[in-house]
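# Observations on the model geometry
Residue-level listing of the chains:
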Amino acid sequence: MLQLEGKHILVTGASSGMGRVFCQMIAKEGARVSLLARNEDRLKETLALMGGEGHKYYICDLTDEEQLKATVSTLEALDGVVFCAGINDFVPLKFVKQEKLERIFQTNYFSQVILTQMLVKKKLIKRNASLVYISSLSSKLGVAGTLLYASSKAALNSAVRVIATEMAPLGIRANAICPGIVQTEMLGSTNIDEESFTKQAVDYPLGLGTPEDVGNAVLYHLSDGSRWLTGNCMVIDGGYSLK
Ligand SMILES: NC(=O)c1ccc[n+]([C@@H]2O[C@H](COP(=O)([O-])OP(=O)(O)OC[C@H]3O[C@@H](n4cnc5c(N)ncnc54)[C@H](OP(=O)(O)O)[C@@H]3O)[C@@H](O)[C@H]2O)c1
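Model, not experiment: these values are computed from the prediction.

## Brief notes about the environment of Gly 54
The residue Gly 54 is located in the loop between helix H2 (40–49) and strand E3 (56–59) in this model. On the basis of relative accessible area, Gly 54 is assigned to the partly exposed category, the value being 44%. Along the backbone, Gly 54 and Met 18 are 36 residues apart, and their C-alpha atoms lie at a distance of 21 Å.

## Structural notes on the site of the ligand
Of all residues adjacent to the ligand, which total 31 residues, the nearest are Ser 15, Ser 16, Arg 38, Tyr 149 and Thr 184. Take Cys 84: an N or O atom from its main chain is 2.9 Å from an oxygen atom of the ligand. Taking Gly 86, its main chain carries an N or O atom lying 3.4 Å from an oxygen atom of the ligand. For the ligand, the protein covers 92% of the area, taking 890 Å² as the surface of the free molecule. Secondary structure elements with two or more residues in the shell around the ligand: helix H1 (17–28), helix H5 (147–167) and helix H6 (185–188). Here the shell around the ligand gets three residues from one element, more than from any other, and that element is H6. Considering only residue class, the shell around the ligand consists of 15 nonpolar, twelve polar and four charged.

## Re helix H3 (residues 65–74)
When we look at burial in H3, the residues that qualify are Leu 68, Thr 71 and Val 72. Along H3, the residues classed as buried sweep out an arc of 100° about the axis, all on the same side. Check the buried side of H3 and you find it contacts strand E2 (32–37), E3 and helix H4 (98–121). Sitting at the amino-terminal end of H3 is Asp 64, which places a side-chain oxygen 3.0 Å from the backbone nitrogen of Glu 66.

## What to know about the packing of aromatic side chains
Tallied over the entire structure, the rule returns five aromatic pairs. Both rings, one in Phe 83 and one in Tyr 133, keep their centres 4.2 Å apart while their planes meet at 5°; by these two values the pair is stacked. Here Tyr 133 lies in strand E5 (residues 125–134) and Phe 83 lies in strand E4 (residues 78–83), a separation of 50 residues in the sequence. Residue class for Phe 83 comes out buried when judged on its relative accessible area of 1%. Relative accessible area serves as the criterion here: at 1%, Tyr 133 is assigned to the buried category. Ring centres 5.8 Å apart and planes at 65° place the aromatic pair Tyr 109 and Phe 110 in the edge-to-face group. Judged by its relative accessible area of 22%, Tyr 109 falls in the partly exposed class.

## Focus: a nonpolar patch on the surface
Together, Leu 93, Leu 101 and Leu 147 make up an exposed nonpolar region whose accessible area comes to about 260 Å². Relative to the helices and strands, Leu 93 is located in the loop between E4 and H4.

## Concerning the pairing of strand E6 (residues 173–179)
The side chains of a regular strand alternate, first on one face of the sheet and then on the other. Summarising burial for E6: seven of the seven residues are buried, a large majority. Side chains Arg 173, Asn 175, Ile 177 and Pro 179 project from E6 onto one buried face, and the interleaved Ala 174, Ala 176 and Cys 178 project onto a second face that is buried too.

## Let's talk about unusual backbone geometry
Although it is not a glycine, Lys 123 sits at a positive phi angle of roughly 55°. By secondary structure assignment, the location of Lys 123 is in the loop between H4 and E5. Classification of Lys 123 by relative accessible area gives exposed; the value is 73%. Positive phi, close to 70°, is recorded for Asn 128, a residue that is not glycine. By the element assignment, Asn 128 lies in strand E5.

## Focus on the pattern of salt bridges
Tallied over the entire structure, the rule returns eight salt bridges. Between Asp 224 and Lys 7 there is a salt bridge; the shortest N-O distance is 2.9 Å. Separated by 217 residues along the polypeptide, Asp 224 in the loop between helix H8 (211–222) and strand E7 (233–236) and Lys 7 in the segment before strand E1 (8–12) bring together distant segments of the chain. What makes Lys 7 buried here is its relative accessible area of 12%. For Arg 32, the salt bridge is made with Glu 76, and the minimal N-O distance between the two is 3.4 Å. With Arg 32 in strand E2 and Glu 76 in the loop between H3 and E4, this pair connects stretches of sequence that are 44 residues apart. The network of salt bridges with common partners includes Arg 32, Lys 56 and Glu 76.

Criteria and cut-off values
- Residues numbered from 1 in each chain as written.
- Predicted model: local features only at pLDDT ≥ 70, side-chain atom pairs only at ≥ 80, totals over all residues.
- Heavy atoms only, no water.
- Helix = DSSP H or I, 4+ residues; strand = E, 2+ residues; numbered from the N terminus.
- Buried < 20%, exposed > 50% of the residue type's maximum accessible area, 1.4 Å probe, protein only.
- Near = heavy atom within 4 Å.
- Polar contact = N/O pair within 3.5 Å; in protein donor to acceptor, adjacent residues only side chain to side chain.
- Areas by Shrake-Rupley, 256 points an atom, 1.4 Å probe, with all protein chains shown as cover.
- Nonpolar A, V, L, I, M, F, W, Y, C, P; charged D, E, K, R; others polar.
- Arc of directions from axis to C-beta.
- Contact = heavy atoms within 4.5 Å.
- Phe/Tyr/Trp six-rings, centres within 6.5 Å; stacked < 30°, edge-to-face > 60°.
- Patch = residues over 30% accessible without salt bridge, like charges linked within 9 Å, V, L, I, M, F, W, Y side chains within 5 Å.
- Salt bridge = Lys/Arg side-chain N within 4 Å of Asp/Glu carboxyl O.

Spelled out as structure tokens, the structure:
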């Protein structure tokens, strides 16, 4: 039996990395997927990789409230949302600027909260739906240079717990997933060199993760098998936190 048969799932950050793989995995489990990101060509590439039918894509900059409103107004009711869009920026404290703080919080925190609120207000989240927020292991650590990113994801973890409490009367669940390092395009966009990654991989007893490793956790969160799980933050890191 397919885990997500008949469900309609929105995936943000669907044009790249983990979001792209999640769309493929969710479609394979029988769900209809609405894909959201800014880059139309890359959204189409994701769509071309997916099986199943009825999928749609939405070009939307999550940090632009007008675009977000317009997108939400055309969405159909949802059984689940994967909030996967995110950006990273490695900056030591002494180089942190207000503008950089605002940029990362706009994408990784404000837009996640605003999108959730819009979907709830428009009654687009069905009873018993599942909201899955892709946070990061960084939110729980204190690695040098990750202040912007780690704190934006820590704020998200906190929001997820409150959302879980407020949504529980409707049977709607909200959970965060905190992956360790996963090899995606995001890593290419950072200023961390190949050598540093090779060094970091040594600290992962099970090696670095793949988008599919996180995708399996996402499928569980979206499925009815996790109906009693809410307000949780699942660390999935190949054993990195064991040290
Ligand atoms: N890779 C890792 O090691 C790792 C570890 C832990 C957590 N994470 C988290 O996992 C999520 C996915 O990461 P990834 O590695 O797959 O990154 P990625 O390949 O860089 O993908 C990021 C996605 O977010 C979308 N996006 C960014 N800004 C957006 C905006 N303003 N509006 C709409 N969409 C936007 C991008 O699409 P467009 O450019 O087309 O808009 C893209 O589809 C992120 O939240 C990240 O923080 C990643």
